[in-house]
Amino acid sequence: MLSDSQHVELPTEQGTPERHDPFAGEIVIEGIGVAPGIAIGPAYLYARAAFEVEERHITREELDEELRRFERAVAKSERDLNKIASVAKEKLGGDSSSIFEAQALMLHDSELYDAVRERIEQDHMSADYAIQTVINKHRQLLNASDSEYLRERANDMLDLQDRIVRHLRRGKLLSVVDADSIVIAENLTAADIVLFSRRGILGTAMDYGGSTSHVSIMARALSLPAVVSTHGITNHVQTGDLIVLDGLEGRVIIQPSEETQTYYRECQERYRRLQHEQKQLVPLPAETIDGHPVRLMANVEFKEELKLLKEYGAVGIGLFRTEILFLMQRRISLSEDEQFATYKQIVETVGPDPVTFRVLDFGGDKMLPLGHREHNPFLGWRGIRILLDKPELMVPQIRAIMRASAYGPLRILIPMVTELNEVFEFRRVMEEIADDLRADGEEFAESIPVGIMVEVPAVALKARRFASEVDFFSLGTNDLTQYTLAVDRGNDLVADKYQELDPAVLQLIKQTVTAAHDVGIKVSLCGELAARPQATPLLLGLGVDELSASPVYLPEIKRVVRAVSMDETRALADEALSCGDAHEVKALLKHWMHKHACDLASYLERDS
Amino acid sequence: MVVREVTVTNRAGLHTRPASMIVRTASKFDSEFFIQKDSYEINGKSIIGVMTLAAEQGATLSLTFEGEDEAEAADAIAELFESGFGEVK
């Protein structure tokens, strides 16, 4: 128990006042708040603009440029499709690539290509409208067929239309989004979010998504208020509608009344003050009241985020997701030198604190433009499984990381490990590369720590064996949870069953930590759980040594760390491990928080 | 002009991959190439056209070639049908 003098309390005016009742005329839509903050501004509807084609005609003067636009879009679509087809063939073989090859052929099919050009030249249709007109005609014919096979081909043609239209609009789309708008979309990709954020939008709300989907992680990383899983917000919003986006409560209010706007402007102000107050925690050490240090590190995906480390008091990078570099470039391979330049810059900026580079973790929901479709990607070809199959991806990356080690401390983290053999194989590749680097006269650190993600339950269960083969563990609680509970974290239908605090998950964490500490290696935790202050005492009690989260969450985590003692968190962990389900654990944490008076802003409490 | 009668022997019929093979092969030749099924005729160099034939196993097609290299084109396309488009039987 803490004594009164050690209470950590927010000034009372920073607690959220009684729930705000909506006024008539405004539409309130509930979703999941995945990136904190409040935005008030006009909506920009992205989804429809992206795929809906309007009837539009062009002038004679625009004709040549319109034909060139069409050519460029066809060329880019062809490149996409060829790449997708070749990878599909290479990896899956047989007929898997034929659909993409057929789509590529269609691009130059006179029935399509010449017909579209004709519509542009003779009827002065815009390229988008011409494509839609021509493809609609074919789709109608195919849809009228008795053959199911042909009706399916109608969908292929729609795919093709979307692909060409996307290429026609890329760039154009961005320029129509106003800097101070709130983007409303069915679904955005992580790359979309980055582009929009650079454009200066205020926030975003989407029909789909979950709190751990990639786009949500990205929104948090960019401090862009976001609400996902709204179940159809795109049906209620028009571009230009005034909107309040509450990324704290997970709520969107369309056409808010004056009173509502005033209320939310106050909330905005309160949130700013809270952030200001958190700043004061930044220079203080992250240690419990009985002096047990916890390393608070940052999850990072972009170079742009590096400045956030100092701002929020992160001590190094606990997880750098290298695949994002590749996804951003929309390329399947970056050269060793391109990668080296980035890694070196990061290591130099973050040093002397360490940087943990997680090697490419493709697969799951992070698709390269590979195009192969797996029935069950999360149980499929991902992480280390891809890398060991594809030395052309793995070798340049490891060489680049090892070369960067000459410029500052770094660690290497292997994703999606299930078998010891994968670790042995990885180390063998590293040794070979070390020999090559020596032969090439390249400098690198002789002892680079190598750790593994503990995200497959099998690894947690075999932790004792793994602990003697690696230098550290990193608990990926997002995947560990979905693999342990058999719940797809991105699936709205079962999202409520995705519970990171399930005692089964906690048991696996406990087992991993015990095995690690027995041989003297450290355990880091880099899942979303690390970002939740309510869970911090529990994680400390389970013995986790390092927490890595989006930098923005770290001050609040530190506030909790500094308010508790290890004895009491260990007792809490023991109690949580004996709970029956996640709801009991949550109730326990909530009760515990109140009892120990780590009274956090109620905005964070809604999660529990 | 060369006209050939062929029968679709492969099990899956003229689905995506065989259709692509026909179009790619036909495109190597200068001759014009049409495929007729019942009373429906399509351009054999158009993937969209070939797919809309929806020719299934057992269907009989009439192939028409016209141009300088019509004989070679006809042989190449007929060979595809005879080989069952490389499908494992």
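Residues numbered from 1 in each chain as written. Chains lettered and ligands numbered in written order. Predicted model: local features only at pLDDT ≥ 70, side-chain atom pairs only at ≥ 80, totals over all residues.

1. Let's talk about the overall build of chain A
Each helix and strand in chain A was counted, giving 25 helices and 18 strands. A buried classification covers 47% of the 608 residues belonging to chain A. Within chain A, contacts between residues at least 6 apart in sequence are counted, and of these 70% link residues at least 24 apart. (Helix = DSSP H or I, 4+ residues; strand = E, 2+ residues; numbered from the N terminus. Buried ≥ 20, exposed ≤ 12 C-beta atoms within 10 Å, placed from the backbone. Contact = placed C-beta atoms within 7 Å.)

2. A closer look at the confidence of the model for chain B
Model confidence for chain B is summarised by a mean pLDDT of 89, while 98% of its residues fall at 70 or above. The complex model carries a pTM of 0.60, and its ipTM stands at 0.82. (pLDDT = per-residue confidence, 0-100.)

3. Some remarks on helix H13 (residues 336–350) of chain A
Under the 1.5 Å per step criterion, the end-to-end length of H13(A) is 21 Å for 15 residues, consistent within 8% with the ideal 21 Å. Close packing links the buried residues of H13(A) with helix H11 (306–312), strand S11 (317–321), strand S12 (355–358), helix H15 (391–404) and strand S13 (410–414) of chain A. (Expected span 1.5 Å × (residues − 1).)

4. Quick look at the sheet that holds strand S2 (residues 32–37) of chain B
Note: strands within a sheet are paired through backbone hydrogen bonds, in either parallel or antiparallel orientation. Residues and elements named next belong to chain B. Taken together, four strands build an open sheet; the order of strands is S1-S4-S2-S3 and the sheet is antiparallel. Where the open sheet ends on each side, the last strands, each with one partner, are strand S1 (2–7) and strand S3 (40–43). Taking the axes of each pair of neighbouring strands and ignoring which way they run, one obtains an average angle of 25° across the sheet. Relative to the sheet, helix H3 (residues 70–82) contacts S1, S2 and strand S4 (60–66), its axis offset from that of S1 by approximately 0°. (Pairing = 2+ DSSP bridges. Axes fitted to C-alpha atoms, helices over the stretch in contact; angles between N-to-C directions.)

5. Quick notes on the pairing of strand S17 (residues 546–549) of chain A
Burial along S17(A) is two-sided: Glu546(A) and Ser548(A) and Leu547(A) and Ala549(A), pointing in opposite directions, are all buried. Where the polypeptide runs from strand S16 (residues 522–525) of chain A across helix H21 (residues 536–542) of chain A and back to S17(A), its parallel neighbour, the crossover connection is right-handed. (Right-handed = clockwise from strand over helix to strand, strands pointing away.)

6. Some thoughts on the interface of chain B and chain A
Across the boundary between the two partners, chain B contributes 14 residues, which contact 19 residues of chain A. Secondary-structure elements contributing two or more residues to the side of chain B that touches chain A are helix H1 (16–26) and helix H2 (47–53) of chain B.

7. Regarding the sheet that holds strand S15 (residues 472–475) of chain A
Residue and element names in this part refer to chain A. Ordered by their spatial adjacency, eight strands build a closed barrel running S10-S11-S12-S13-S14-S15-S16-S17, and the pairing between neighbours is parallel. Here the strands of the sheet are splayed against their neighbours by 25° on average, with no regard to which way each runs. Bridge count between S15 and S16: four bridges; the pairing is parallel. By the bridge assignment, Leu475 is partnered in S16 with Leu525.

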